[in-house]
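Chain and residue survey
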Amino acid sequence: MSKDTQQWATRFGVILAVSGSAVGLGNFLRFPGQAAANGGGAFIVPYICALLLLGIPIGWAEWTMGRWGGRKGFHSAPAIMGAMGRGKLFRYLGVIGVLIPLAVSFYYTYIEAWCLGYTYHYVTGGIDGVIAGAPIAEQTKASADFYATFTGRLENGVLTGGSYETFIFWALTFAVNIWLVFRGLSGGIEKFCQFAMPTMAVCALIVLVRVLTLGTPDPNLPDQNVLTGLGYMWNPNFEALANPQTWLAAAGQIFFSLSVGFGVIINYASYMKKKDDVVLSGLTASATNELFEVGFGGMITVTAAFVFLGLSGTIAAVQGGSFGLGFTTLPVVFAHMPFGNLIGAIWFFMLFLAAITSSISMYQPTLAFIQEALGCTRKAATTLLVAICVPASFLVMYYSKGGIFWSTIDDWVGTFLIFVLAMVQIICFAWLFGIERGWQEAHEGASIRIPGFYKIVMKYVAPGYLLIVFAAFCYSNLGDWIGSVTSEPLRQGAMLLILATIVFLCVLTYLGEKRWRAAGLDVDGERQDA
């Protein structure tokens, strides 16, 4: 059996890598839209509750599970959860921890390519048709037309629905991702994140300073200024707290934002040593993510839109969703901004870096699982990974009309199954492995102690909170989702792709279990901890 000898070069490196996994498009595009649409400043109340009662404690559990599994020679969610859950049930539930990052990668690199393409256009002169000084209505239409053409939303077909540029930028993006993960943890992922994370922070600071120093660009519209824009984003509407949707949105944002329940942390942490501090590492990664999300994302996009487009234009932008805000509205904003093309290039390059630090974290868990299950080399595992992802990503690009195909994968895998995996993981950690045993394992080598009340949070509050949110989520959305699949062939095709991927991963789990038992590994977690 080929042994996975990957390891992190430094503890700071793994923190940056996990932070890079968490900091993605959702921080800069999804969070401000969610906050503005769900009570503004009041949104922070359920957001902080979800952070403290779900995000951080489940994150600590994942870090601990990963490091514990790594000591037993495992680096994949199926193997680690099978050992910690002591049997086949949790081993096969652990398949979700590989399915989520793999299936999300099918469309995420496609969106990542949009960021690279927009960066290229801003460097070479700006978005076609979005002319400075033109009426806002004309600019908005030109921006929307460019977005629809570039992303293939008008009709199916990589070239007929979009443009040859779309495919070229996807090919470049995919190649960079595969090259980085093939180079390994320390030589590829860690080194890139050491460059990308500080660069992202510098880019975000430049754009933030530019936005906060806009003042009142048009004296004829005195209400359209930075302070009013910040007020629209952050002034609390406490009536929103009575709406269950606000609490659902906050919990969902925390999961998307922190990579909790995503299958990434458990893999990354499995390469840490027994005395490496998972408590402080987990807390630092969460804090870094919050800096980018609340500190940068929360003050840039909606504020800039308000200054130039006013209240009605900003409301329309927020209602248009994350991608409408990022790829349709902001190009109009940049057209009104001094040095707009430069700021646009910096903005979309920052989004590209945020996306690629997330996407490489999606490929790594699958690569480790293939290598572990089949006992093959990293080169062979990378070849198989490419053989899976290229046709799957091609399907996403080909069936691009309306974004229906990829958004179905996002709904069922990138939303629904994240809640499921988070519930499975916290139950496995706190109830099957045992909260006392897990608590002791988490504090091995820890330089700070987790507050004692988090034992109750991990064992009772977090699972209960998740069950309530999940039940409310299913009540509000599941019927409509099922109905949309039964009535739309493109959604049915996406579900078939998901099912085919599940079957493939289950077969690998079956083969892997046989190999692990033959190698004498503690597959069912029956031996005393080392």
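**Things to note about the overall build of the protein chain**
On a plain count of helices and strands, the protein chain comes out with 19 helices and zero strands. Expressed as lengths along the three principal axes of its C-alpha atoms, the size of the protein chain is roughly 75 × 50 × 45 Å. Every one of the 530 residues in the protein chain was classed for burial, and the buried ones make up 61%. Within the protein chain, contacts between residues separated by at least 24 positions form 83% of all contacts whose residues are at least 6 apart in sequence. Roughly 19200 Å² of accessible area belongs to the protein chain as shown, and the carbon and sulfur atoms make up 66% of that amount.

**Structural notes on the side chain of Gln-425**
Relative to the helices and strands, Gln-425 resides in helix H17 (residues 404-442). Using a relative accessible area of 1% as the deciding quantity, one classes Gln-425 as buried. Sequence-distant contacts of Gln-425, defined by excluding residues within four places in its chain, comprise Glu-62, Met-65, Met-81, Gly-261 and Ile-266.

**Some remarks on the packing of helix H11 (residues 244-258) against helix H18 (residues 454-487)**
Across the interface, H11 lies against H18 with an axial gap of 10 Å and an inter-helix angle of 115 degrees. Taken together, H11 and H18 sit at an angle that is classed as roughly perpendicular. Crossing of H11 against H18: the hand is left-handed. Side by side, H11 and H18 meet where Trp-247, Leu-248, Ala-251 and Phe-255 of the first sit next to Tyr-465, Leu-466, Val-469, Ala-472, Phe-473 and Ser-476 of the second.

**Details of helix H7 (residues 136-151)**
Counted at 1.5 Å a residue, the expected span for H7 with its 16 residues is 22 Å, and the 22 Å between its end C-alpha atoms agrees. Of the residues making up H7, those classed as buried are Gln-139, Ala-142, Ser-143, Phe-146, Tyr-147, Ala-148, Phe-150 and Thr-151. Count one or two residues on from H7 and you reach Gly-152, which has phi positive near 70 degrees.

**Looking at the environment of Val-386**
Its place among the elements puts Val-386 in helix H16 (residues 378-398). Classification of Val-386 by relative accessible area gives partly exposed; the value is 25%. With 30 residues separating them in the primary sequence, Val-386 and Ile-356 have C-alpha atoms 17 Å apart. Setting aside anything within four residues of it in sequence, one finds Val-386 in contact with Phe-174, Ile-178 and Pro-391.

**Looking at the pattern of salt bridges**
Counted under the stated rule, the structure contains twelve salt bridges. Put simply, Glu-441 and Arg-67 hold a salt bridge, and the shortest N to O gap is 3.5 Å. Separated by 374 residues along the polypeptide, Glu-441 in helix H17 and Arg-67 in helix H3 (residues 44-71) bring together distant segments of the chain. Judged on exposure class, the residue Glu-441 and its partner Arg-67 are both buried. For Glu-444, the salt bridge identified is with Lys-275, shortest N-O distance 2.7 Å. Remark: Lys-275 occurs in the loop between helix H12 (265-269) and helix H13 (278-319) and Glu-444 occurs in the loop between H17 and H18; sequence separation between them is 169 residues. Connected through shared salt-bridge partners, Lys-88, Arg-91, Glu-513, Arg-517 and Asp-524 make up one network.

**Examining the nonpolar core**
In summary, soluble globular proteins display a tendency toward joint burial of nonpolar side chains. In this structure, Trp-347 and Ile-409 are the most contacted members of the largest nonpolar core, which totals 187 residues. Sort the elements by how many residues they give to this core and H17 lands first, with 22 residues. The contacts of Ile-409, once residues within four sequence positions are left out, are Ala-103, Tyr-107, Val-396, Gly-414, Ala-494, Leu-497 and Ile-498.

**Some points on the packing of aromatic side chains**
Taken as a whole, this structure holds 44 aromatic pairs when the rule is applied. Seen in terms of ring centroids, Phe-334 and Phe-348 are 6.4 Å apart; in terms of plane orientation they differ by 80 degrees. Their pairing is edge-to-face. Remark: Phe-348 occurs in helix H15 (residues 340-374) and Phe-334 occurs in helix H14 (residues 321-336); sequence separation between them is 14 residues. Exposure remark for Phe-348: the relative accessible area of 0% places this residue in the buried category. Arranged with centres 6.4 Å apart and planes meeting at 25 degrees, the rings of Phe-429 and Phe-433 form a pair that is stacked. Of this pair, Phe-429 and Phe-433 both sit in helix H17, separated by four residues, roughly a single helical turn. Overall, Phe-429 belongs to the buried group, its relative accessible area being 1%.

**Digging into the side chain of Ser-143**
For Ser-143, the position within the fold is in helix H7. Residue classification places Ser-143 among the buried residues on the basis of a relative accessible area of 1%.

Calculation notes
- Residues numbered from 1 in each chain as written.
- Predicted model: local features only at pLDDT ≥ 70, side-chain atom pairs only at ≥ 80, totals over all residues.
- Heavy atoms only, no water.
- Helix = DSSP H or I, 4+ residues; strand = E, 2+ residues; numbered from the N terminus.
- Buried < 20%, exposed > 50% of the residue type's maximum accessible area, 1.4 Å probe, protein only.
- Contact = heavy atoms within 4.5 Å.
- Areas by Shrake-Rupley, 256 points an atom, 1.4 Å probe, with all protein chains shown as cover.
- Axes fitted to C-alpha atoms, helices over the stretch in contact; angles between N-to-C directions.
- Parallel < 35°, antiparallel > 145°, perpendicular 65-115°, else oblique.
- Left-handed = near helix turned anticlockwise from the far one by under 90°.
- Expected span 1.5 Å × (residues − 1).
- Salt bridge = Lys/Arg side-chain N within 4 Å of Asp/Glu carboxyl O.
- Core = buried A, V, L, I, M, F, W, Y, C linked by side-chain atoms within 4.5 Å.
- Phe/Tyr/Trp six-rings, centres within 6.5 Å; stacked < 30°, edge-to-face > 60°.

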